[in-house]
Amino acid sequence: MVSTIRDLVEIESPSDNKAAVDGLAEAVAQKFSELGGKIEVRVHPARDFGNHLEVRLPGKAAAKPVLLLGHHDTVYPLGTLATMPCRVVDGKLTGPGVLDMKSGIALMLHALAALQQWHGGLPRPVTVLLVSDEEVGSDSSRAITESLAKQAAAVLVLEPSYGPQGAVKTARKGVGDYTVKVTGKAAHAGLDFQKGVNAILELARQIERISGFTDLKKGLTVNVGIVSGGSRTNVVPAEASAQVDVRIARMKDAAGIEKKMRSLRAFNRRCKIEVTGGINRPPMERTPGVAALYAQAVAIARELGWKLGEAAVGGGSDGNFTAGLGIPTLDGLGGVGDGAHAPHEHILISELARRAALIAGLIETV
Ligand SMILES: [Zn+2]
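To start, this report covers the structure provided alongside it. All values derive from a computational prediction rather than experimental measurement. (Residues numbered from 1 in each chain as written. Predicted model: local features only at pLDDT ≥ 70, side-chain atom pairs only at ≥ 80, totals over all residues. Heavy atoms only, no water.)

**Re the sheet that holds strand E3 (residues 66–71)**
Formally: Criterion used throughout: strands pair if DSSP finds at least two bridges between them. Every helix listed is a DSSP run of H or I at least four residues long, and every strand listed is a run of E at least two residues long, numbered separately from the N terminus. A contact between two residues is defined here by any heavy atoms of the two lying within 4.5 Å. The axes are straight lines fitted to the C-alpha atoms, using for helices just the contacting stretch, and the angles between their N-to-C directions are given from 0 to 180°.
Taking strand neighbours across the sheet as the criterion, the 6 strands line up as E1-E2-E6-E3-E7-E16 in an open arrangement whose pairing is mixed. Two strands bound the open sheet, and with one partner strand each, they are strand E1 (40–44) and strand E16 (329–330). The pairing of strand E2 (residues 52–57) with strand E6 (residues 126–131) spans 5 bridges and is classified as antiparallel. Residue pairing for E6: Leu-57 is matched across the bridge by Val-126. The strands that helix H4 (residues 142–150) touches are E1, E2, E3, E6 and strand E7 (154–157); relative to E6, the one it contacts most, it runs at about 165°.

Quick look at the structure:
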């Protein structure tokens, strides 16, 4: 497994470099083809992003397929390997994307190979979908993810697990992005001060209001993360804007925050406010279907001699889309480690084998 992961990590695949991401998709397609049997590999071309990869594997029993979901893009620019090489150090494997989520792709390959060997073929059909744009919002892959999820009995997401014990993720917050743009009126700060309308001042007041929408008890947070505005100190600024990240734990809170953001009114009526954006990933809620899938995973892990925990996290994944459709989804089944998107990203090698066994067990039983 370590050598499979190393092969994948050493082909860098930043979301914004189509050629690089396509190159990795080809290498991954080759590895799936090597599983043998009547495998169908389908490349979904994407114009502005890397191609998405779908693999269909037949099963011995006629059953709905399990969808193994993940992504092959990373957040790291080309050349990161020079400063963050793929190495084994103290039982850890390091490198860009090793946790998020190239080890997840390797786990899929090895779990499927083991099932084929054990049963003389897969016990039930499996569909694999690896998308190329998860780290940048999944705009070009969402429709494919949703259509494959609708055909599946369950969705297993091989994103990184949570914490040093490798808990799976049974709830994820939904995510929204908004831009609030204020237009005022420019004027010379010395000669014509009163003719100007200060867009930055208006935005500052709006930021206080927007930040007040946070409701921690509901798991609803609003973060103004980027602000910009103005041109020179001696000019009353005509423009200012803020980019806002919104997280919701429950779908029923989406409409309320959407309405609040949309109905922002200027404190200074000489300013104009424009709000764009919206909620783009629904929350993954711990529905009865999700809880049942988690209970199955716990039972399999117990047979393997360990106690599998669960976690609710603030970050979104493509599992949010599939859970949002009501398809039982279990996320965080991938590698165990730390430092996703950070220079110390790594996985624990000792966790790989039982992780693969858990995934194989879930494919057999769900
Ligand atoms: Zn990821």
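Now that the structure has been shown, we can carry on.
**What about the environment of Gly-316?**
Convention followed: Whether a residue is buried, partly exposed or exposed follows from its accessible area with a 1.4 Å probe, protein chains only, as a fraction of its type maximum: under 20%, in between, or over 50%, in that order.
Relative to the elements of secondary structure, Gly-316 occurs in the loop between strand E15 (310–313) and helix H8 (319–324). Take Gly-316: its relative accessible area is 23%, and that puts it in the partly exposed class. In sequence terms Gly-316 and Ala-171 are 145 residues apart; their C-alpha atoms lie 9.3 Å from each other. Here Gly-316 is in contact with Glu-134, Arg-172, Lys-173, Val-175, Arg-247 and Arg-281, once residues within four sequence places are set aside.

**Observations regarding the environment of Asn-320**
Counted only if it meets this: Side-chain atoms alone can form a polar contact between residues adjacent in sequence; in general such a contact is a pair of N or O atoms within 3.5 Å, and within protein one must be able to donate a hydrogen while the other accepts it.
The topology assignment puts Asn-320 in helix H8. Put simply, Asn-320 and Leu-93 are 227 residues apart on the chain and 28 Å apart in space, counted from C-alpha to C-alpha. Not counting the four nearest positions on each side in its chain, Asn-320 is found in contact with Arg-172, Lys-173, Gly-174, Arg-281, Pro-282, Pro-283 and Met-284. At 2.8 Å, the side chain of Asn-320 and the backbone oxygen of Pro-282 are in polar contact.

**Things to note about the pattern of salt bridges**
Here is the rule we go by: Should a side-chain nitrogen of Lys or Arg be within 4 Å of a carboxyl oxygen of Asp or Glu, the pair is scored as a salt bridge.
For the coordinates displayed, the defined rule picks out 16 salt bridges. Lys-31 is the partner of Asp-7 in a salt bridge, and the nearest nitrogen-oxygen pair spans 2.8 Å. Taken together, the residues span a long stretch of sequence, with Asp-7 in helix H1 (residues 2–9) and Lys-31 in helix H2 (residues 18–33) at a distance of 24 residues. The class of Asp-7 is partly exposed, set by a relative accessible area of 39%. Three or more residues joined by partner-sharing salt bridges are found here, namely Arg-42, Glu-54 and Arg-56.

**What to know about the packing of helix H3 (residues 98–119) against helix H9 (residues 352–365)**
The condition that has to hold: Oblique is the label for every angle not falling under 35 degrees (roughly parallel), over 145 degrees (roughly antiparallel), or within 65 to 115 degrees (roughly perpendicular). By the definition used in this description, the sense in which the near helix is turned from the far one sets the handedness, with an anticlockwise turn below a right angle giving left-handed and a clockwise turn giving right-handed. Classes in brief: Ala, Val, Leu, Ile, Met, Phe, Trp, Tyr, Cys and Pro nonpolar; Asp, Glu, Lys and Arg charged; the others, Gly included, polar.
The interhelical angle for the contact between H3 and H9, taken along N-to-C directions, is 60°, at an axis separation of 9 Å. Classified by the angle between their axes, H3 and H9 sit oblique to one another. The interaxial crossing formed by H3 with H9 has right-handed handedness. Where H3 approaches H9, its residues Leu-107, Ala-111, Leu-112, Leu-115, Trp-118 and His-119 are matched on the opposing element by Leu-352, Arg-355, Ala-356, Ile-359, Ala-360, Ile-363 and Glu-364. Of the residues assigned to the contact of H3 with H9, the class counts are 10 nonpolar, 1 polar and 2 charged.

**Re the side chain of Asp-73**
Going by this rule: In this tally, Lys and Arg are treated as positive and Asp and Glu as negative; His is ignored, and so are the chain termini.
Looking at the secondary structure, you find Asp-73 in the loop between E3 and strand E4 (88–89). As a buried residue without a salt bridge, Asp-73 has its nearest oppositely charged side chain in Arg-281, at a separation of 8.3 Å. A distance of 2.9 Å separates a polar atom in the side chain of Asp-73 from a polar atom in the side chain of His-71. For Asp-73, the side chain forms a polar contact with the main-chain nitrogen of Glu-135, separated by 3.0 Å.

**Considerations on the nonpolar core**
What counts is decided by this rule: We define the nonpolar core as a collection of buried residues of types Ala, Val, Leu, Ile, Met, Phe, Trp, Tyr and Cys that are connected through side-chain atoms lying within 4.5 Å of one another.
Core analysis: the largest hydrophobic core is formed by 54 residues, its most contacted members being Phe-32, Leu-112, Val-128 and Leu-156. It is H3 that provides the largest number of residues to this core, a total of 11 residues. If you look at the next biggest cluster of nonpolar residues, it comprises 22 residues, including Val-180, Val-246, Ile-248 and Ile-273.

**Points about the packing of aromatic side chains**
Short version of the rule: For Phe, Tyr and Trp, rings pair up if their centres lie within 6.5 Å, where Trp contributes its six-membered ring, and each pair is then called stacked (planes under 30 degrees apart), edge-to-face (over 60) or tilted (otherwise). For a lysine, the NZ atom is tested; for an arginine, the CZ atom; a charge sits over a ring if that atom is within 6 Å of the ring centre and within 35 degrees of the ring normal.
With the rule as written, the count across this model stands at 0 aromatic pairs. Note that Arg-354 overlies the ring of Trp-306, its terminal NZ or CZ placed 4.1 Å from the centroid.

**Here's the deal with the sheet that holds strand E13 (residues 239–248)**
Read across the sheet, 4 strands follow the order E11-E13-E9-E14 without closing on themselves; strand pairing throughout is antiparallel. Strand pairing shows two members of the sheet lacking a second neighbour, strand E11 (221–229) and strand E14 (272–281), which therefore form its edges. Between one strand axis and the next, the sheet turns by 15° as a mean value, whatever way the strands run. One ladder, built from 10 bridges, connects strand E9 (residues 174–183) with E13; its direction is antiparallel. Paired with Val-182 across the strands is Ala-240, a residue of E13. Seen against the sheet, helix H5 (residues 199–211) touches E9, E11, E13 and E14 and runs at an angle of roughly 170° to E11.

**Here we look at H1**
Spelled out, the test is: In this description, one arc is meant: the one made by directions from the helix axis to the C-beta atoms.
For H1, the complete set of buried residues consists of Thr-4, Ile-5, Leu-8 and Val-9. Buried residues of H1, viewed axially, fall in a sector of 130°; they line one side. Of the surrounding secondary structure, the elements contacted by the buried residues of H1 are H2, strand E5 (92–94), H3, strand E18 (346–348) and H9.

**Some remarks on the environment of Ala-242**
Summarising the element assignment, Ala-242 is placed in strand E13. You can call Ala-242 buried: its relative accessible area is 0%. Spatially, the C-alpha atom of Ala-242 lies 48 Å from that of Ile-39, the residues being 203 residues apart in sequence.

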